[in-house]
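# Reading the structure
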Amino acid sequence: MSLDSSTLVLAVRHGETAWNRAARIQGQLDIPLNEQGLAQAQCLAQALQDEAVDVIYSSDLARARQTAQAVASLKGLPLILDARLRERAFGVFEGLTWNEIAQRWPAQSEAWRKREPDFGAEGGETLSDFYQRSVAAMTALAAAHPGQTILVLSHGGVLDCLHRASRRLSLAAPRSWKLGNAAINRLLYSPEGFNVIGWNDDSHLENLPPPAL
C-alpha cells in the first residue's frame, strides 16, 4: 500500500446531545448538540486547526452538522453534507430509552441487543443494511480523495461499522472499542480497504469541565 495514494480519514462522532446523556435512542431524529457538545466541537476545531484537512464531510443531522461546522469555520473550508452518513434508522425505537424499549418490545429488544444482522425495528433499518450503507458511504468518500486527508463527521453507529470493516470483524462481535463524542479516529484507506492507525483520541477534551448534572 503506497502512502502517497492512500487517503487519510479523520472520522469523528458528533458532540454530546441531551439525549446521549439520557441514553435515549436518537437514530435519525434531528437532535441538536447540548452545551457540552458545543464545547466539545470547539475543542475539536482547535485540535484540528493545524491539521492539513482537504475536505470536510458531515451527516446532515444537526448534531453532526454543528460539530463539523465548528471545524469548517475555523479552517475556512466548505462543509459538504451527505445523508448517507446518518445514524442507523431505529424506527419505533427512536425517542425511547433502552429500558423503555425492553418493556414495550422484549423480544425485539433482545434481538437488537444480540446484534442480530437481519433484525430491524419497525420502520427502521436492519443491522446488515445499515452496515452496508455506512461502509459503502465511507468507502466512496475515501476513494474520491487519494493522497488527501478528509474529515468525516458522523455518528456512533456509523463509526462502529467502520471500525468493524477496518478490523475485519463480524457484526455480532462484542464491541470492545470506545466511540466517544468528538473523539478523533484515524484510518488509512486504499483499494484494499480501511486500516485503523489511531482510535478514540480524546486528549483535546481533557480540560473540559465535567458536564452539569
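Coordinates for the structure precede this section.
What you see is a predicted model; the values in this text were computed from it and never measured. (Residues numbered from 1 in each chain as written. Predicted model: local features only at pLDDT ≥ 70, side-chain atom pairs only at ≥ 80, totals over all residues. Heavy atoms only, no water.)

For the rest of this paragraph, the subject is the packing of helix α2 (residues 35–47) against helix α3 (residues 62–75). At a closest axis distance of 8 Å, the pairing of α2 and α3 adopts a crossing angle of 35°. The chirality of how α2 crosses α3 is right-handed. Taken together, the residues of α3 that come into contact with α2 (itself represented by L38, A41, Q42, L44, A45 and Q46) are Q66, T67, A70, V71 and L74. (Axes fitted to C-alpha atoms, helices over the stretch in contact; angles between N-to-C directions. Helix = DSSP H or I, 4+ residues; strand = E, 2+ residues; numbered from the N terminus. Left-handed = near helix turned anticlockwise from the far one by under 90°. Contact = heavy atoms within 4.5 Å.)

Here we take up helix α7 (residues 156–167). Given a rise of 1.5 Å per residue, twelve residues ought to cover 16 Å, and the 16 Å separating the end C-alpha atoms of α7 matches this to within 8%. Counting buried residues in α7 gives eleven out of twelve residues, a clear majority hidden from the surface. Residues G156, G157, V158, L159, D160, C161, L162, H163, R164, A165 and S166 constitute the buried set of α7. Turning to α7, the residues buried within the fold contact β1 (7–13), α6 (127–143), β4 (149–154), β5 (184–190) and β6 (193–201). In the segment just after α7, R168 is the residue with positive phi, at about 60°. (Expected span 1.5 Å × (residues − 1). Buried < 20%, exposed > 50% of the residue type's maximum accessible area, 1.4 Å probe, protein only.)

A separate point is the pairing of β4. Of all the six residues making up β4, six are buried; the element is thus mostly covered by neighbouring parts of the structure. The two faces of β4 match: T149, L151 and L153 on one face and I150, V152 and S154 on the other face are all buried. Both β1 and β4 contribute to a ladder of six bridges, which runs parallel. Bridged to L10 within β4 is L151. Judged from the four bridges that link them, strand β2 (residues 55–58) and β4 form a sheet pairing that is parallel. Its bridge partner lying in β4, Y57 is registered against V152. (Pairing = 2+ DSSP bridges.)

Counted according to the given criterion, the structure contains ten salt bridges. Across the pair E110 and K114 runs a salt bridge whose closest N-O atoms are separated by 3.6 Å. The network of salt bridges with shared partners includes R115, D160, R164 and R175. (Salt bridge = Lys/Arg side-chain N within 4 Å of Asp/Glu carboxyl O.)

What follows concerns the nonpolar core. Grouped together as the largest cluster of nonpolar side chains are 27 residues, with contacts concentrated most on V9, M138, L187 and F194. Secondary-structure elements contributing two or more residues to this core are β1, β2, α6, β4, α7, β5 and β6. Among residues more than four places away in sequence, those in contact with M138 are V9, A11, L85, V152, V158, L162 and F194. Residues A45, I56, A72 and L151 belong to the second largest nonpolar core, which totals 18 residues. (Core = buried A, V, L, I, M, F, W, Y, C linked by side-chain atoms within 4.5 Å.)

Attention shifts here to the environment of E94. On the secondary structure map, E94 appears in the loop between β3 (79–81) and α4 (98–104). The spatial distance from the C-alpha of E94 to the C-alpha of L77 is 33 Å, given a sequence separation of 17 residues. If we skip the residues at most four places from it in the chain, E94 touches I25, Q26, G27, Q28, L29, R88 and A89. In this structure the side chain of E94 is engaged in a polar contact, spanning 2.9 Å, whose partner is the backbone nitrogen of F90. (Polar contact = N/O pair within 3.5 Å; in protein donor to acceptor, adjacent residues only side chain to side chain.)

With that settled, consider the sheet that holds β5. Spatially, six strands are ordered β3-β2-β4-β1-β5-β6 in an open sheet, and the strand pairing comes out mixed. Whereas interior strands pair on both sides, the edge strands pair on one side only; in this sheet they are β3 and β6. Across the sheet, the axes of successive neighbouring strands diverge by a mean angle of 25°, strand direction being ignored. Helix-sheet contacts for α6 involve β1, β2, β4, β5 and β6, and the interaxial angle to β1 is about 140°. Of the strands in this sheet, β1, β4, β5 and β6 touch α7, which is tilted by about 125° from β6.

The next subject is the pairing of β2. Burial along β2 is two-sided: the residues V55 and Y57 and I56 and S58 are all buried. Pairing analysis gives three bridges linking β2 to β3, with the strands arranged parallel. Residue pairing in the sheet places Y57 in a bridge with I80 of β3. For the handedness criterion, the β-α-β arrangement of β2, α3 and β3 is classed as right-handed. (Right-handed = clockwise from strand over helix to strand, strands pointing away.)

Under the counting rule described, the total for this entry stands at six aromatic pairs. Arranged with centres 5.5 Å apart and planes meeting at 35°, the rings of F93 and W105 form a pair that is tilted. In this pair, F93 is assigned in the loop between β3 and α4 and W105 in the loop between α4 and α5 (106–113), connecting sequence segments twelve residues apart. The class of F93 is buried, set by a relative accessible area of 2%. One aromatic cluster is present, formed by F90, F93, W98, W105, W112 and F119 through successive ring pairs. (Phe/Tyr/Trp six-rings, centres within 6.5 Å; stacked < 30°, edge-to-face > 60°.)

Interpretation note: all reported values are geometric properties and have no functional meaning in isolation.
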